[in-house]
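The residues making up each chain are set out below.
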Amino acid sequence: MKPTESVEVIEAECPSAAFADLQQNAWYHQAVDFVLKNGLMYGYSDKEFAPNDTISRAQLAQILYQNEGRPAINTNSIFTDVPENAWYATAVNWAASKGIVNGYGNGIFAPNDTITREQFAVMLWQYAQNPDNNAKELSFHDGQQVSSYALHAIYWAVENGILHG
């Protein structure tokens, strides 16, 4: 086997190996391999994934859109701050058409805002079509600070192991 072939085999089995800023023994390793193998995330470049970076509202919409296979949509943006030619426009418009995102009101989505944990939970819960849950309390010391609009989504995310304290 040629040295380049061995690198290609390693990267095919472990896509994280292609990124200089990913550690093979890090807690996120399996999750990053999953999103790379499934085309949900690509990294910022061929060598930079930025595992400690924050995620924006637009990026999460893009990830969910890619998970659905990037379906074609015939809808215009309902958000005044989502330009038609933005890299995330189709994903945000798709997510809005499916009821996954609602924005802040008054036509504002704020695509570049860092997503909060409760916004993240709400988007995933709505993506999962608002499933019921059995949890009715949170064991977090700050559980009483969860916004009322996010409670069902947080209960669901905790009950399903998506969020931990």
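Residues numbered from 1 in each chain as written. Predicted model: local features only at pLDDT ≥ 70, side-chain atom pairs only at ≥ 80, totals over all residues. Heavy atoms only, no water.

Notes on helix H3 (residues 57–67)
The cut-off we apply is this: Between buried and exposed lies partly exposed: a residue is buried under 20% and exposed over 50% of the maximum accessible area for its type, with that area taken using a 1.4 Å probe on protein chains only. Only DSSP runs of H or I with at least four residues qualify as helices, and only runs of E with at least two residues qualify as strands; both kinds are numbered from the N terminus onward. Note on contacts: a residue pair is in contact if any heavy atoms of the two residues lie within 4.5 Å.
Most of H3 is tucked away: nine of the eleven residues are buried. All of the buried residues in H3 are Arg57, Ala58, Leu60, Ala61, Gln62, Ile63, Leu64, Tyr65 and Gln66. In the core, the buried residues of H3 are packed alongside helix H4 (89–97) and helix H5 (117–127). Residue Gly69 follows H3 closely and has a positive phi angle near 85°.

As for the side chain of Glu118
Defined as follows: Positive charges are assigned to Lys and Arg, negative charges to Asp and Glu, while His and the chain termini are left out of the count. Salt bridges, as used here, are contacts in which a Lys or Arg side-chain nitrogen is within 4 Å of a carboxyl oxygen on Asp or Glu.
Within the secondary structure, Glu118 is located in helix H5. For Glu118, which is buried and forms no salt bridge, the nearest opposite charge comes from Arg117, at a distance of 9.2 Å. Beyond its immediate sequence surroundings of up to four residues, Glu118 is in contact with Val146, Ser147, Tyr149, Ala150 and Ile154.

Description of the environment of Lys136
Tracing the sequence through the fold places Lys136 in the loop between H5 and helix H6 (151–159). Given a relative accessible area of 54%, Lys136 falls into the exposed group. For the pair Lys136 and Leu151, spaced 15 residues apart in sequence, the C-alpha to C-alpha distance is 8.8 Å.

What to know about the packing of aromatic side chains
What counts is decided by this rule: Here the aromatic set is Phe, Tyr and Trp, taking the six-membered ring for Trp, and pairing holds for ring centres within 6.5 Å; pairs whose planes are under 30 degrees apart are stacked, those over 60 apart are edge-to-face, and all others are tilted. By definition here, charges over rings are those cases where NZ of Lys or CZ of Arg is within 6 Å of the ring centre and within 35 degrees of the ring normal.
Counted according to the given criterion, the structure contains six aromatic pairs. With centroids separated by 5.6 Å and ring planes inclined at 55°, the aromatic side chains of Tyr65 and Trp94 adopt a geometry described as tilted. In this pair, Tyr65 sits in helix H3 while Trp94 sits in helix H4, placing the two residues 29 residues apart along the sequence. Assigned by exposure class, Tyr65 and Trp94 land together as buried. Directly above the aromatic system of Phe109 lies the positively charged group of Arg57, at a separation of 4.5 Å from the ring centroid.

Quick notes on the environment of Val146
Note that Val146 resides in the loop between H5 and H6. For Val146, a relative accessible area of 18% puts it in the buried group. With 29 residues separating them along the chain, Val146 and Arg117 place their C-alpha atoms 9.6 Å apart. Those residues in contact with Val146 that lie beyond four places of it in its chain are Glu118, Leu138, Leu151 and Ile154.

Details of the packing of H3 against H4
The following threshold applies: Angles run from 0 to 180 degrees between N-to-C directions of axes, and those axes are lines fitted to C-alpha atoms, restricted for helices to the stretch in contact. In what follows, roughly perpendicular refers to angles from 65 to 115 degrees, roughly parallel to angles under 35, roughly antiparallel to angles over 145, and oblique to any angle outside these ranges. In this count, Pro and Cys sit with the nonpolar residues alongside Ala, Val, Leu, Ile, Met, Phe, Trp and Tyr, while Asp, Glu, Lys and Arg are called charged and the others, Gly among them, polar.
One way to put it is that H3 packs onto H4 with a least axis distance of 8 Å and a crossing angle of 75°. One element, H3, and the other, H4, form an angle in the roughly perpendicular class. Residues Ala58, Ala61, Gln62, Leu64 and Tyr65 of H3 pack against Thr90, Ala91, Val92, Trp94 and Ala95 of H4. Of the residues assigned to the contact of H3 with H4, the class counts are eight nonpolar, two polar and no charged.

Keep in mind that these numbers describe shape and distance, not what the molecule does.
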